[in-house]
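# Structural characterization, general
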Amino acid sequence: SIIMKTIDHFSGRMGAGKLSAILAGSMRADIVEWNYDRSPFFGKLSFLKQNKIMQYLRELEQTGLICRTNSEFPCLELTAEGYLCLKNPERIPPL
């Protein structure tokens, strides 16, 4: 899914809020300041509201395909199962 590819691209450096803002195409000051608006994933899910993308992130976490890092600011990363799904696209849930 585009969500999992985005998480993989940023490799555990970003939390759910910022990831969902990038995917939704938000022009928040922090997104523009750090040039995330130039990311190939920026706005890929602009047809969805940011809270819907957050819901999908929670569902991916509940299914064990992504997890939160144990850092001061929890970021999202793929689990081993999540990586397997990226290598075998037919296993990826349609999110």
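To keep things clear, this report deals only with the structure shown in the data block.

Attention now goes to the environment of T63. Secondary-structure assignment places T63 in the loop between α4 (50–62) and β1 (66–68). For the pair T63 and E81, spaced 18 residues apart in sequence, the C-alpha separation works out to 9.7 Å. Among the polar contacts made by the side chain of T63, one reaches the main-chain carbonyl oxygen of L60 at a distance of 3.0 Å.

For the rest of this paragraph, the subject is helix α1 (residues 2–10). All buried positions along α1 are accounted for by I3, M4, T6, I7 and F10. Buried residues of α1, seen end-on, are gathered within an arc of 160° and therefore sit on one face of the element. Check the buried side of α1 and you find it contacts α2 (16–24), α4, β1, β2 (76–78) and α5 (80–87).

Turning next to the pattern of salt bridges. Per the counting criterion, the structure on display carries three salt bridges. In this structure, K18 and D30 form a salt bridge, with 3.5 Å as the shortest nitrogen-oxygen distance. Placement of the pair is K18 in helix α2 and D30 in helix α3 (residues 29–33), with a sequence separation of twelve residues. The exposure class of K18 is partly exposed, given its relative accessible area of 25%. Judged by its relative accessible area of 22%, D30 falls in the partly exposed class. In this structure, a network of salt bridges that share partners links the residues K18, R28 and D30.

The next point concerns the nonpolar core. Of all hydrophobic cores here, the largest spans 24 residues; its most connected members are I3, I7, L57, I66 and L76. Secondary structure elements with two or more residues in this core: α1, α2, α4 and β2.

With that settled, the discussion passes to unusual backbone geometry. Note on backbone geometry: most residues besides glycine have negative phi, and most peptide bonds are trans. Even without glycine at this site, S11 takes up a positive phi of about 30°. With respect to the helices and strands, S11 occurs in the loop between α1 and α2. By relative accessible area, S11 is classed as partly exposed at 47%. Not every positive phi belongs to a glycine, and N35 is a case in point at roughly 65°.

Cut-offs applied
- Residues numbered from 1 in each chain as written.
- Predicted model: local features only at pLDDT ≥ 70, side-chain atom pairs only at ≥ 80, totals over all residues.
- Heavy atoms only, no water.
- Helix = DSSP H or I, 4+ residues; strand = E, 2+ residues; numbered from the N terminus.
- Polar contact = N/O pair within 3.5 Å; in protein donor to acceptor, adjacent residues only side chain to side chain.
- Buried < 20%, exposed > 50% of the residue type's maximum accessible area, 1.4 Å probe, protein only.
- Arc of directions from axis to C-beta.
- Contact = heavy atoms within 4.5 Å.
- Salt bridge = Lys/Arg side-chain N within 4 Å of Asp/Glu carboxyl O.
- Core = buried A, V, L, I, M, F, W, Y, C linked by side-chain atoms within 4.5 Å.

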